[in-house]
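This is what each chain is made of:
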Protein chains: 2
Amino acid sequence: MEKQLQLNSRKNKLKFSVTVTLKKDVLDPQGKVVKNTLINLGMNNLKSIRQGKYFEIEIDANDESKAEESIDKMCKKLLANLIIEDYTVKKIS
Amino acid sequence: MEKQLQLNSRKNKLKFSVTVTLKKDVLDPQGKVVKNTLINLGMNNLKSIRQGKYFEIEIDANDESKAEESIDKMCKKLLANLIIEDYTVKKIS
């Protein structure tokens, strides 16, 4: 019974983080504005800043590899533009 | 000489990642739109998705704690709105 509950809670709780960043050679105008603003605020030791997107995703799945597959599909279909962006997926819990 | 070069390269290369997420109880309309879109794309096992911001910041500093202080200041002054957002800083390299 205890085990069943654990399995259920595990099934409902696969949580991943997805970080989407621009590829190295892609210009980042948004990051540039942030950089200029920070320098105007007196942060002289700032060398570079690049902005990306971050997602926390919870998946209903009892199988980790299946969940990761789903996340991968989401990234490819919607979250990241693979022409100009890279993404990394990490399991949180 | 070798050591000097190493020190220099270390000085120019402190890199941090900053993740800004909405606090738990703050509504995330952008995340909701992404969630609905993904469900319309056929991702039925998606339970929840929350969107945040991600920054990669390079700092000119030879002292890690000083660099982290700078990053903290940047987050408080510009990158995160502490009323509705939390942030986490991690050293990348």
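Please refer to the structure placed before this passage.
First, a word on what this report is: a plain description of the structure on this page.

Parameters and conventions
Residues numbered from 1 in each chain as written. Chains lettered and ligands numbered in written order. Predicted model: local features only at pLDDT ≥ 70, side-chain atom pairs only at ≥ 80, totals over all residues. Heavy atoms only, no water. Axes fitted to C-alpha atoms, helices over the stretch in contact; angles between N-to-C directions. Helix = DSSP H or I, 4+ residues; strand = E, 2+ residues; numbered from the N terminus. Parallel < 35°, antiparallel > 145°, perpendicular 65-115°, else oblique. Contact = heavy atoms within 4.5 Å. Nonpolar A, V, L, I, M, F, W, Y, C, P; charged D, E, K, R; others polar. Buried area = accessible area lost by both parts, 1.4 Å probe. Salt bridge = Lys/Arg side-chain N within 4 Å of Asp/Glu carboxyl O. Polar contact = N/O pair within 3.5 Å; in protein donor to acceptor, adjacent residues only side chain to side chain. Pairing = 2+ DSSP bridges.

1. Observations regarding the packing of helix α2 (residues 29–40) of chain A against helix α3 (residues 64–79) of chain B
Where α2(A) contacts α3(B), the two axes come as close as 11 Å, and the packing angle between them is 105 degrees. In terms of their interaxial angle, α2(A) and α3(B) are classed as roughly perpendicular. Here Val34(A), Thr37(A) and Leu38(A) of α2(A) come into contact with α3(B), specifically with Met74(B), Leu78(B) and Leu79(B). Here the contact of α2(A) with α3(B) is built from residues that sort into 5 nonpolar, 1 polar and no charged.

2. Describing the interface of chain B and chain A
Contacts between the two partners involve 30 residues from chain B and, on the opposite side, 30 residues from chain A. Carbon and sulfur atoms make up 63% of the area that chain B and chain A hide from each other, which totals about 3000 Å². Broken down residue by residue, the surface that chain B buries against chain A is led by Asn45(B), Lys47(B) and Tyr54(B), which jointly contribute 20%. Connecting chain B to chain A are 0 salt bridges. Summed over the shared surface of chain B and chain A, the number is 12 residue pairs in polar contact (both at pLDDT 80 or more). Of all the secondary-structure elements, those providing two or more residues to the side of chain B that touches chain A are β1 (14–22), α2 (29–40), β2 (46–59) and α3 of chain B. Counting residues per element, the side of chain B that touches chain A draws most heavily on β2(B), which supplies 14 residues. Within the side of chain B that touches chain A, the residues separate by chemical class into 13 nonpolar, 9 polar and 8 charged. Pairing of strand β2 (residues 46–59) of chain A with β2(B), which is carried by 13 bridges, proceeds in the antiparallel orientation. In the strand pairing of β2(B), Ser48(A) is matched with Glu58(B).

3. Considering the sheet that holds β2(A)
Read from one edge of the open sheet, 6 strands run β3(A)-β1(A)-β2(A)-β2(B)-β1(B)-β3(B), paired in antiparallel fashion. Bordering the open sheet on either side are β3 (85–91) of chain A together with β3 (85–91) of chain B, each of which pairs with just one other strand. Averaged over all pairs of adjacent strands, the angle between strand axes in this sheet comes to 25 degrees, irrespective of strand direction. Sheet topology note: the strand β1 (residues 14–22) of chain A/β3(A) ladder contains 7 bridges and is antiparallel. Looking at the pairing, Thr21(A) lines up with Asp86(A) of β3(A).

4. Side note on the pairing of β2(A)
Pairing geometry for β1(A) and β2(A), over 7 bridges, is antiparallel. Bridged to Thr19(A) within β2(A) is Tyr54(A).

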